[in-house]
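Commentary on secondary and tertiary structure
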Amino acid sequence: MALLSFRKTAAAPATPNLAIPALLEGYSIEVMPRTAEKVADFRALLPAGTRVYIAHIDGTGIADMVATARRLRAEGFEPMPHFPARSIPDRATLADWIARYRGEADVRQGLILAGGIATPRGEYHASMQLLETGLFDGFDRLHVAGHPEGNRDIDPAGGEAEVMAALRWKQDFANRSDAGFAIATQFAFEAGPVVAWAGRLSAAGISMPVHLGVAGPAKLQTLIKFAIACGVGASLGVLQKRAKDVSKLVKPMEPTELLSDLAAAKAAGRATNIERIHFFPLGGIAANAEWAIAHGGAAARPANAA
């Protein structure tokens, strides 16, 4: 299975892959307050109405998070802030965050996750506890985290028994909820493991659609750094193998082949539960958006070019 393709240095453009625009229909992208500040106008980069996840890194103030959501809403996009359980000390704080998001930025969507810190700030340590509070009643959409290559924070010995058990709990919750649910995944670098994981979800009765995490164009060193930090599994070995070729360390890597392989799998009737692509712009928001514009056709046309 091919990994990611390298950006061509030749002057002639590559032949467009006609399967990729269909995959990019309705794609989402992730920002942080500090990275969003570097973008003069998201309307020059993203299609109107794009869902924009706002990552809540531990230590980021809620005022900055709400301000980013408010700006995205004003520019015509759909803000979806993260709600990291381990960074939320108590129910009152969670209620305050939700009230501010709803009141100041008309936030209707949220990504509910455990969060990356080892020691919880208070009474919450898992996304399921946040869902059980009932404070998200009235949200249009609630997304939960998925890990195609496992998560050693949940399954320390490897495997995915506990991860799957958690997803089955969330599926049961979704079945009782009025909100639309989906699984937003960690990024991976090979289509094969992702397609196999999607099949295991279906076999386990987990029917929430998958929004597959994909790394945007970035240098190999950057991808390796983030892969290690985020606990990406088998794909990391492929990146490390690539890193042995020094000539490739300075060339941006693109997700073209990964998405082509995914499109082929879907055309063959596999991984049909993968509904959308979610970009992690590890090489920058502008670089990611420009790649999508170049490969996505009408599906990726920026709002101000519509």
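The structure we're discussing is the one just above.
Residues numbered from 1 in each chain as written. Predicted model: local features only at pLDDT ≥ 70, side-chain atom pairs only at ≥ 80, totals over all residues. Heavy atoms only, no water.

Description of the sheet that holds strand 7 (residues 180–188)
- Strand order in the closed barrel formed by eight strands is 2-3-4-5-6-7-8-11, with parallel pairing between adjacent strands. In this sheet, neighbouring strand axes are inclined to one another by 30° on average, regardless of whether the strands run parallel or antiparallel.
- Note that strand 2 (residues 28–31) and strand 3 (residues 51–54) share three bridges and pair parallel. Each bridged residue has a counterpart across the sheet, and for Ile29 the counterpart in strand 3 is Val52. (Pairing = 2+ DSSP bridges. Helix = DSSP H or I, 4+ residues; strand = E, 2+ residues; numbered from the N terminus. Axes fitted to C-alpha atoms, helices over the stretch in contact; angles between N-to-C directions.)

Looking at helix 10 (residues 256–267)
- Taking 1.5 Å of rise per residue, the 12 residues of helix 10 would be expected to cover 16 Å, and the 16 Å separating its terminal C-alpha atoms lies within 8% of that figure.
- Listed as buried for helix 10 are Thr256, Leu258, Leu259, Ser260, Leu262, Ala263 and Ala265.
- Once helix 10 finishes, Gly269 follows within two positions and takes phi at roughly 90°, a positive value. (Expected span 1.5 Å × (residues − 1). Buried < 20%, exposed > 50% of the residue type's maximum accessible area, 1.4 Å probe, protein only.)

A look at helix 6 (residues 161–176)
- Spanning 16 residues, helix 6 covers 23 Å between terminal C-alpha atoms, matching the ideal 22 Å at 1.5 Å per step.
- Here helix 6 has its buried residues at Val163, Met164, Ala166, Leu167, Lys170, Gln171, Phe173 and Ala174.
- Summarising the contacts, the buried residues of helix 6 are in contact with helix 5 (127–132), strand 6 (141–146), strand 7 and helix 7 (191–203). (Contact = heavy atoms within 4.5 Å.)

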